[in-house]
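Secondary and tertiary structure notes
Residue strings, one per chain:
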Amino acid sequence: MSIVLETPTDAETGEGPSLEERYQQLSDQWPDRKVEIVDDRIVVREVPTTQHAKLIFRLLLQLIPVMTERGWEAWNDVALFLGPQLGRYRPDVLVVPPDPGLWGEGHVFGKDTLLVAEVVSKSSAHDDHEVKPRGCARGKVPLHLVIDTFAGRVRLLSRPGDKGYDHEVEVRLGEPLELPAPWSLTLNTAVLGG
């Protein structure tokens, strides 16, 4: 699907709305879609499938006991603020402590999250595996979980730095995956396979 902006941008002079302004315009224009800034591109994605929703539900079932005990919350369709001139990702699941830092009304600071999870779709594989982890690491997201049923694997990235995450654990779907402190939880990835 092609997107035509109401206000054209002159490629030679650079006049027109900024990337941030275009992002806000498209977010307002398509409130029922997932609008993100990924690698200096505005990406408008369709609403996830029922399989996608089921996988997220199965993940949340495992996370909710720890979250409930500690007063944490799971948010969906809320953008991450990773820093000036960085992306605006809308992860499938954001887990936050009580009263996380917010940038405006609709963005949570990446450093104030406890876990960010992405479920890979065919159209988002490159962004979910490569681009978003780099951006989340620069934004100091402490734990980044990537669930890829197409490749049959789950990746957990931790220890964020300016060049990416310093630590990665990858398991095949069906193998247990340990979430480190503050979680101290073993995920059953077998139920995430679909």
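To be clear, the structure that these remarks concern was listed above.
Residues numbered from 1 in each chain as written. Predicted model: local features only at pLDDT ≥ 70, side-chain atom pairs only at ≥ 80, totals over all residues. Heavy atoms only, no water.

If you trace the backbone, Gly193 turns up in the segment after β13 (185-188). Taking the C-alpha atoms as reference points, Gly193 and Gly152, 41 residues apart in sequence, are found 7.4 Å from one another. When sequence neighbours within four positions are dropped, the list of residues in contact with Gly193 reads Thr149 and Leu173. (Helix = DSSP H or I, 4+ residues; strand = E, 2+ residues; numbered from the N terminus. Contact = heavy atoms within 4.5 Å.)

Bringing the sheet that holds strand β4 (residues 79-81) into the picture now. As summarised here, the arrangement of the three strands in space is β4-β7-β6, forming an open sheet in which the pairing is mixed. Each having just a single partner strand, β4 and β6 (102-103) make up the two edges of the open sheet. Relative to strand β7 (residues 107-109), β6 runs antiparallel, the two being bridged by two bridges. Residue pairing for β7: Leu102 is matched across the bridge by Val108. (Pairing = 2+ DSSP bridges.)

Here the focus is unusual backbone geometry. Ala181 connects to Pro182 through a cis peptide bond whose omega is 10 degrees. With a phi close to 55 degrees, Asp99 is a non-glycine residue in the positive phi region. The topology assignment puts Asp99 in the loop between β5 (93-96) and β6. Of note, the phi angle at Ser184 is positive, near 50 degrees, even though the residue is not glycine. Mapped onto the fold, Ser184 is located in the loop between β12 (176-179) and β13. Residue class for Ser184 comes out exposed when judged on its relative accessible area of 61%. (Buried < 20%, exposed > 50% of the residue type's maximum accessible area, 1.4 Å probe, protein only.)

Attention now goes to the sheet that holds strand β3 (residues 73-75). Within a sheet, neighbouring strands are paired by backbone hydrogen bonds and run either parallel or antiparallel to one another. The six strands are arranged β3-β5-β8-β9-β10-β11 in an open sheet whose pairing can be described as mixed. For this open sheet the edge positions go to β3 and β11 (164-172), each flanked by a neighbour on one side alone. Recorded for the sheet is a direction-independent mean angle of 20 degrees between the axes of neighbouring strands. Both strand β9 (residues 143-148) and strand β10 (residues 153-161) contribute to a ladder of six bridges, which runs antiparallel. Its bridge partner being in β10, Leu145 is matched across the sheet by Leu156. On top of the sheet, helix α3 (residues 125-138) reaches β8 (115-119), β9, β10 and β11; it is set at about 170 degrees to β9, its chief contact. (Axes fitted to C-alpha atoms, helices over the stretch in contact; angles between N-to-C directions.)

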